[in-house]
Amino acid sequence: MAKKIKRIGLICSSGGSYGAYGSGTLTRLNRDYCVGIGVSTGSLMTPFALLKEWELLKIAYTNIQQSDIFDPKWYKPGPLTSNGHVNILAVIITLLLNQKSIGSTKNLKSLIDEFFTIDIYNRLNQEFKEFIVLTQNYAQIPSSIHSFSSLNETHNSMQDYMYASASPPMLGSLVKKSWEDDENKFHVGLFTDGGVTLLLGLDEAISKNLDEVDVILHRTKPHIQYEGNKVKNLVSNMITTINSMRYALELQHLYDKVKLLNQNQIKVNLYWLPRKLSNNSLVFDKDQMTEWFQEGYDTALNPDRIEVFPEF
């Protein structure tokens, strides 16, 4: 009797520039994945990890800077300052002009098109690797997460959905695109960052007949810190409020879904960040990201970073 080949899936979380750290970790793990599910920056990492294109993944995450993601206009500065704070002047101009977003991320689209080529897309299909992108549809009421698979979508559509999933809400562009529902009816969506309401696409893994899943989390393990957060103005107050609500929901959702995967006989390996990397994951500095990539590689097998479920 032929030995059953273990089916291993990969799930990569949102996290902006922290994807450099996760990319270093994946490079060190160097595992054979059959299915990859990505949210936000996780969607940019996943196809290259499926094909074990480690050098290309490293280049993508260690050679970019802020101008490769955001494209400020002549009349308005970028959405973030160099230290990661929201640019108040950009907010004021956005409100005065009644615009939908503080910034624009068309440069990010060009970057995705450069790396996620037709050759990468074709190789995924030829090697029977499924790549799934999760993105949020603002046109739908209530707003909802949608999943799009490389098995069903064209190369150009996958580029569009990767762009939408990685384009941060309020700071980046909204992506208008038609899509087809389960009843083959077409709708027009307004897509944005999949990380708005979803940290990870754990639900998607249940139906993929997997034996094991590696989860790359661009978050630190939960711990209590009684002091340290500073609320300087209305914008930082708003961000702190949103983050506190999201963090609690994300962690509860994470462990609930891990239990569900275990119930479906799927082993789950969580890879956390070992420390807080910066004040804002939407600041892209190639020198810093190069350091994070190397640290992610060096610490990939550090037991303090890894949680395994079920525990043995």
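This report concerns the structure included in the present document. (Residues numbered from 1 in each chain as written. Predicted model: local features only at pLDDT ≥ 70, side-chain atom pairs only at ≥ 80, totals over all residues. Heavy atoms only, no water.)

### Things to note about the overall build of the chain
So the rule is basically this: The numbering of helices and of strands both runs from the N terminus, where a helix is a DSSP run of H or I of at least 4 residues and a strand a run of E of at least 2. For every residue, the accessible area (1.4 Å probe, protein chains only) is compared with the maximum for its type, and the residue is labelled buried under 20%, exposed over 50%, or partly exposed between those bounds. Here, residues are in contact when the closest pair of their heavy atoms is within 4.5 Å. Throughout, the Shrake-Rupley method with a 1.4 Å probe supplies accessible areas, and for residues the shown protein chains are the sole cover considered.
Along the backbone of the chain there are 11 helices and nine strands. Sorting the 312 residues of the chain into buried and exposed places 51% on the buried side. For the chain, restricting intrachain contacts to residue pairs at least 6 apart in sequence, the fraction spanning at least 24 positions comes to 74%. In the structure as shown, the chain presents an accessible area of about 15,900 Å², 54% of it carried by carbon and sulfur atoms.

### So, the packing of aromatic side chains
Stated precisely, the cut-off is as follows: Between 30 and 60 degrees the pair is tilted, below 30 it is stacked and above 60 it is edge-to-face, where a pair is any two Phe, Tyr or Trp rings, Trp via its six-membered ring, whose centres lie within 6.5 Å. As a reminder, the over-ring test applies to NZ of lysine and CZ of arginine, requiring each to be within 6 Å of the ring centre and within 35 degrees of the ring normal.
For the structure shown, the criterion picks out six aromatic pairs. Ring centres of Tyr-161 and Phe-191 lie 5.6 Å apart, and the angle between their planes is 85 degrees; on these two criteria the pair is classed as edge-to-face. Remark: Phe-191 occurs in strand E6 (residues 186-192) and Tyr-161 occurs in helix H8 (residues 155-166); sequence separation between them is 30 residues. Across this residue pair, the class does not change: Tyr-161 and Phe-191 are buried. Following the ring pairs from residue to residue traces out a cluster consisting of Phe-148, Tyr-161 and Phe-191. In this structure, Lys-177 is placed above the aromatic ring of Tyr-161, and the distance from its NZ or CZ to the ring centre is 5.4 Å.

### A short note on the packing of helix H1 (residues 19-29) against helix H11 (residues 286-298)
Note the cut-off: Angles here are taken between N-to-C directions and fall from 0 to 180 degrees, while the axes themselves are lines fitted to C-alpha atoms, restricted in helices to the stretch in contact. Crossing handedness follows the turn of the near helix against the far one: under a right angle anticlockwise gives a left-handed crossing, and clockwise gives a right-handed one. Following the grouping adopted for this structure description, the nonpolar residues are Ala, Val, Leu, Ile, Met, Phe, Trp, Tyr, Cys and Pro, the charged ones are Asp, Glu, Lys and Arg, and the polar ones are all others, Gly among them.
Between H1 and H11, the least distance of the axes is 6 Å, while the angle of their chain directions is 35 degrees. The interaxial crossing formed by H1 with H11 has right-handed handedness. Contact residues: H1 offers Ala-20, Tyr-21, Ser-23, Gly-24, Thr-25, Thr-27 and Arg-28, while H11 offers Met-289, Trp-292, Phe-293, Glu-295, Gly-296, Tyr-297 and Asp-298. Considering only residue class, the contact of H1 with H11 consists of six nonpolar, five polar and three charged.

### A short note on the pattern of salt bridges
Put simply, the rule is: The working definition used for a salt bridge is a side-chain nitrogen of Lys or Arg within 4 Å of a carboxyl oxygen of Asp or Glu.
Overall, the coordinates contain 13 salt bridges when judged by the stated rule. Across the pair Glu-212 and Lys-6 runs a salt bridge whose closest N-O atoms are separated by 3.2 Å. Of this pair, Glu-212 sits in strand E7 (residues 212-220) while Lys-6 sits in the segment before strand E1 (8-12); the two residues are 206 residues apart in sequence, bridging distant segments of the chain. Relative accessible area serves as the criterion here: at 4%, Glu-212 is assigned to the buried category. A salt bridge links Lys-52 to Asp-32; its shortest N-O distance comes to 3.1 Å. Separated by 20 residues along the polypeptide, Lys-52 in the loop between helix H2 (41-50) and helix H3 (54-62) and Asp-32 in the loop between H1 and strand E2 (35-39) bring together distant segments of the chain. Residue class for Lys-52 comes out partly exposed when judged on its relative accessible area of 30%.

### What about the packing of H3 against H11?
Close contact between H3 and H11 brings their axes to 8 Å; oriented N to C, the two are set at 140 degrees. On H11, the residues touching Lys-58, Tyr-61 and Thr-62 of H3 are Lys-286, Met-289, Thr-290 and Phe-293.

### Section: the side chain of His-146
What counts here: Here a polar contact is recorded for every N or O atom pair within 3.5 Å, except that within protein the pair must consist of a potential hydrogen donor and a potential acceptor, and residues adjacent in sequence are included only if both atoms are side-chain atoms.
By secondary structure assignment, the location of His-146 is in strand E4 (residues 144-149). At a separation of 2.6 Å, a polar atom in the side chain of His-146 contacts the side chain of Gln-140. Dropping the residues within four chain positions of it, His-146 is found in contact with Val-133, Leu-134, Thr-135, Asn-137, Gln-140, Trp-179 and Phe-191.

### Details of the nonpolar core
Quick reminder of the rule: What is meant by a nonpolar core is a set of buried Ala, Val, Leu, Ile, Met, Phe, Trp, Tyr and Cys residues, joined one to another through side-chain atoms within 4.5 Å.
Counting residues in hydrophobic clusters, the biggest one holds 55 residues, and the most contacted among them are Leu-26, Tyr-61, Phe-116 and Phe-131. Residue contacts for Phe-131: discarding those within four places in its chain leaves Gly-36, Ser-43, Thr-46, Pro-47, Leu-50, Phe-116, Leu-124, Phe-148, Ser-149, Ser-150, Met-158 and Met-162. Residues Ile-37, Ile-132, Val-258 and Trp-272 belong to the second largest nonpolar core, which totals 24 residues.

### A word on the environment of Ile-5
Take Ile-5: it is sitting in the segment before E1. In sequence terms Ile-5 and Asp-211 are 206 residues apart; their C-alpha atoms lie 9.4 Å from each other.

### A word on the pairing of strand E5 (residues 175-180)
The condition that has to hold: Paired strands, as defined in this entry, are two strands with at least two bridges between them according to DSSP.
In E5, alternate side chains face the same way, and those of Val-175, Lys-177 and Trp-179 are buried while those of Lys-176, Ser-178 and Glu-180 on the opposite face are not. With six bridges connecting them, E5 and E6 associate as antiparallel partners. Of the residues in E6, the one forming a bridge with Lys-177 is Gly-189. Between E5 and E6, which pair antiparallel and follow one another directly, the connecting turn spans five residues, one of which, Asn-184, has a positive phi of 65 degrees.

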